[in-house]
Amino acid sequence: MSMASELHVLAVDDSIVDRVVISRLLRSCKFRVTTVDSGKRALEVLSLDRSVHMIITDYCMPEMTGYDLLKRVKESAELRDIPVVIMSSENSPTRIRRCLDEGAEDFLIKPVRPSDVSRLCSRAIMR
C-alpha cells in the first residue's frame, strides 16, 4: 500500500462538530473516511467492512469510551492489526500512557491540527 488515497479511516466521535472537523482534515490528506457516533457503531462497521486501515476515536464517549473500543479492537484476532489513534481534549499523562500501553498508535490532543493529520498520513503510507 503506497498511496494515501487507498487508505480508509474510521472516525469515531459522539460530537457531530468534531466528526466534521476530523473528517475534513483526514480527507484533505486524501483518506477515504467513514464517520460514526459511537464505539458500538464502530464495531458494527468493522464487522461489515474489512477495508478499514485506521481508526481514530474520541476518548470520552457515552456507552463505550475510546479506550474500551481500543481494547476491543486489540483483543480481536481479526481487528488487532488496525492502528487505533485516540483523541481527547484532556491532556492527561495517565490517560495517554494507559492508551499507548494498551496498543494505541498515537494520542492526539484536541483540537486536532492539520500537522497531526499529516503525521498520521505519513505514518500510514509507510505501513
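See the structure above.
Residues numbered from 1 in each chain as written. Predicted model: local features only at pLDDT ≥ 70, side-chain atom pairs only at ≥ 80, totals over all residues. Heavy atoms only, no water.

I tried to follow the state of the cysteines on my own but got confused; where do I start?
A covalent bond bridging the sulfur atoms of two cysteines is what the word disulfide describes. Evaluation of the coordinates by the stated rule reveals one disulfide. A disulfide bridge connects C29 with C121, and the sulfur atoms are separated by 2.4 Å. Taking the torsion about the sulfur-sulfur bond, which here is approximately -120°, the covalent link between C29 and C121 counts as left-handed. Within this pair, whereas C29 is found in the loop between α1 (16-28) and β2 (32-36), its partner C121 is found in helix α5 (residues 114-126), the two being separated by 92 residues in sequence. The burial state of C29 is the same as that of C121; both residues are buried. Here C60 is not disulfide-linked; the sulfur of C99 is the nearest cysteine sulfur, at 9.7 Å. (Disulfide = S-S within 2.5 Å. Helix = DSSP H or I, 4+ residues; strand = E, 2+ residues; numbered from the N terminus. Buried < 20%, exposed > 50% of the residue type's maximum accessible area, 1.4 Å probe, protein only.)

So what exactly am I meant to see when it comes to the sheet that holds β2 here?
The strands that make up a sheet are held in pairs by hydrogen bonds between backbone atoms, and each pair lies either parallel or antiparallel. With parallel pairing, the five strands of this open sheet are ordered in space as β2-β1-β3-β4-β5. The sheet terminates laterally at β2 and β5 (106-109), the two strands that pair on one side only. The sheet shows a mean angle of 20° between the axes of neighbouring strands, direction not considered. Where strand β1 (residues 8-12) and β2 come together, five bridges link them in parallel fashion. Looking across to β2, one finds that A11 is bridged to T35. Against the sheet, α1 touches β1, β2, β3 (54-58) and β4 (84-88), its axis set at about 170° to β2. Sheet strands touched by helix α3 (residues 66-75): β1, β3 and β4. Its angle to β4, the strand with the most contacts, is close to 175°. (Pairing = 2+ DSSP bridges. Axes fitted to C-alpha atoms, helices over the stretch in contact; angles between N-to-C directions. Contact = heavy atoms within 4.5 Å.)

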